[in-house]
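Survey of secondary and tertiary structure
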Amino acid sequence: MADQSLYDALGVGRGATADELQRAYRKLARAWHPDVNKSPEAEDRFKKISEAYDVLSDPDLRTKYDTFGDDFRRVPDDVSAADWARAQRRGGGARQASQDVFVDFGDFGGRGASMEDLLGGYFGPGRSPGPRTGPDQQVDVELSVEEAFRGGRHKISLTGSSGTRDFTVAVPPGVIDGQHIRLAGQGTAGRGGGAPGDLYLVVRLRPDRRYRVEGRDIFVDLPVSPWEAA
């Protein structure tokens, strides 16, 4: 969503209330759901609308997004807005906030910079970078309409550079497409003894031959004969 903000995706201003966000999401979700809207861009547009609402309807995620922009999920909890702004002023742009040190090599007049130069100048004499919280991770989890309706415990496996991890996740009843389930402390490992980040499971509903889901509403076609209709 580099070309538009999450607020633009929902067609609301940055000061929108929770009720305004919900009304905007419901209106757009009905209009752009791929089962209703057959235009080529409907699926992509619906995903962007769902992502925007998932973030902005969560007060903590909204605050983080307002502070750090599109890279907010990769910014560790212990990185301040001031550090992020300083990195951008020094030409870092949208760098990952998990970097330990933001350094402008122009500060050293073009000469080689030692680790003492870098760490001493940034952290002060005798100080070390210290622990850093690991970045959050995000993984899609597919559920059937019935599984989303009933909830329950589901086993998932994640394969990464450190091997395969198995989880048993308690899915609450009534989850909707695009909703996030947070597993605290199950994200990327921290640095320097820092705590790991969180793992966010993003619910994705599998297409169903019988049901059509729009937000929290479920639609089903009911074939009837002419005499039954009469």
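Residues numbered from 1 in each chain as written. Predicted model: local features only at pLDDT ≥ 70, side-chain atom pairs only at ≥ 80, totals over all residues. Heavy atoms only, no water.

1. Observations regarding the environment of Val-220
Under the convention used in this document: Each helix is a run of DSSP H or I of at least 4 residues and each strand a run of E of at least 2, with the numbering of both proceeding from the N terminus. Per-residue accessibility, obtained with a 1.4 Å probe over protein chains only, is compared with the maximum for each type, and a residue is labelled buried under 20%, exposed over 50%, and partly exposed between these values. Here, residues are in contact when the closest pair of their heavy atoms is within 4.5 Å.
The topology assignment puts Val-220 in strand S7 (residues 217-220). Residue Val-220 is classed as partly exposed on the basis of its relative accessible area, which comes to 43%. Between the C-alpha atoms of Val-220 and Arg-209, which are 11 residues apart in sequence, the distance is 9.4 Å. Those residues in contact with Val-220 that lie beyond four places of it in its chain are Arg-210 and Tyr-211.

2. Comments concerning the packing of helix H3 (residues 42-56) against helix H4 (residues 59-68)
Think of two packed helices as two axes; the pair is described by the angle between the axes and how far apart they sit. Filter applied, for reference: Axes here mean lines fitted to C-alpha atoms, for a helix over just the part in contact, with angles spanning 0 to 180 degrees between N-to-C directions. To sort the angles, those under 35 degrees are grouped as roughly parallel, those over 145 as roughly antiparallel, those from 65 to 115 as roughly perpendicular, and the leftovers as oblique. Throughout, the ten residues Ala, Val, Leu, Ile, Met, Phe, Trp, Tyr, Cys and Pro are labelled nonpolar, Asp, Glu, Lys and Arg are labelled charged, and all others, Gly among them, are labelled polar.
At their nearest, the axes of H3 and H4 sit 6 Å apart, and the two run at 105° to each other. With respect to H4, the element H3 is oriented roughly perpendicular. Each of Asp-54, Val-55 and Leu-56 in H3 lies in contact with H4, whose residues at this interface are Leu-61, Arg-62 and Tyr-65. For the contact of H3 with H4, the class distribution of residues is 4 nonpolar, no polar and 2 charged.

3. Quick look at the layout of surface pockets
Keep this limit in mind: In this analysis a 1.4 Å probe is tested at points of a 1 Å grid over the protein atoms alone, and where it fits but cannot get out there is a cavity; an open set with protein on both sides within 12 Å along at least five of seven lines is a pocket; lining residues have an atom within 4 Å of a point. Grid points are joined across faces, edges and corners, and a volume is the space filled by probe spheres set on the points.
Estimates place the volume of the largest pocket at around 500 Å³. Looking at the largest pocket, it is lined by 20 residues, and the ones nearest its centre are His-33, Phe-46, Asp-177, Leu-205 and Pro-207. For the lining of the largest pocket, the secondary-structure elements that each account for two or more residues are H3, strand S1 (137-143), strand S5 (199-205) and strand S6 (211-214). By volume, the second largest pocket is sized at about 400 Å³. Taken together, 19 residues form the lining of the second largest pocket, with Tyr-25, Tyr-53, Ile-176, Gln-179 and Arg-216 sitting closest to its centre. At 5 residues, the largest contribution of residues to the lining of the second largest pocket is made by helix H2 (residues 18-32). The residue inventory of the lining of the second largest pocket, partitioned by class, reads 6 nonpolar, 5 polar and 8 charged.

4. Regarding the nonpolar core
The line we're drawing: Here the nonpolar core consists of buried residues drawn from Ala, Val, Leu, Ile, Met, Phe, Trp, Tyr and Cys, with membership extended through side-chain atoms lying within 4.5 Å.
Counting residues in each nonpolar core, the largest one holds 25 residues, and the members touching the most others are Leu-10, Val-12, Leu-21, Tyr-25, Val-55, Leu-56 and Tyr-65. At the level of elements, helix H1 (6-10), H2, H3 and H4 are the ones that each hand at least two residues to this core. Considering every element that reaches this core, the biggest residue donor is H3, with 7 residues. Excluding its chain neighbours within four sequence positions, the residues that come into contact with Val-12 are Tyr-7, Glu-20, Leu-21 and Ala-24.

5. Let's talk about the pairing of S7
Counted only if it meets this: At least two DSSP bridges between two strands are required for those strands to pair.
Pairing analysis gives 4 bridges linking S6 to S7, with the strands arranged antiparallel. The residue of S7 that forms the bridge with Glu-214 is Asp-217.

6. Some words on the pattern of salt bridges
Note the following rule: Any carboxyl oxygen of Asp or Glu that lies within 4 Å of a side-chain nitrogen of Lys or Arg is treated as forming a salt bridge with it.
Within the structure shown, the criterion is met by 9 salt bridges. Here Asp-66 ties to Arg-14 by a salt bridge, and the two come within 3.3 Å at their closest N and O atoms. Here Asp-66 is found in helix H4, whereas its partner Arg-14 is found in the loop between H1 and H2, with 52 residues between them in sequence. On the accessibility criterion, Arg-14 (52% relative accessible area) is exposed. Notably, a salt bridge pairs Arg-30 with Asp-217, separated by 3.0 Å at the nearest N-O pair. Note that Arg-30 is positioned in helix H2 and Asp-217 in strand S7, a separation of 187 residues in sequence.

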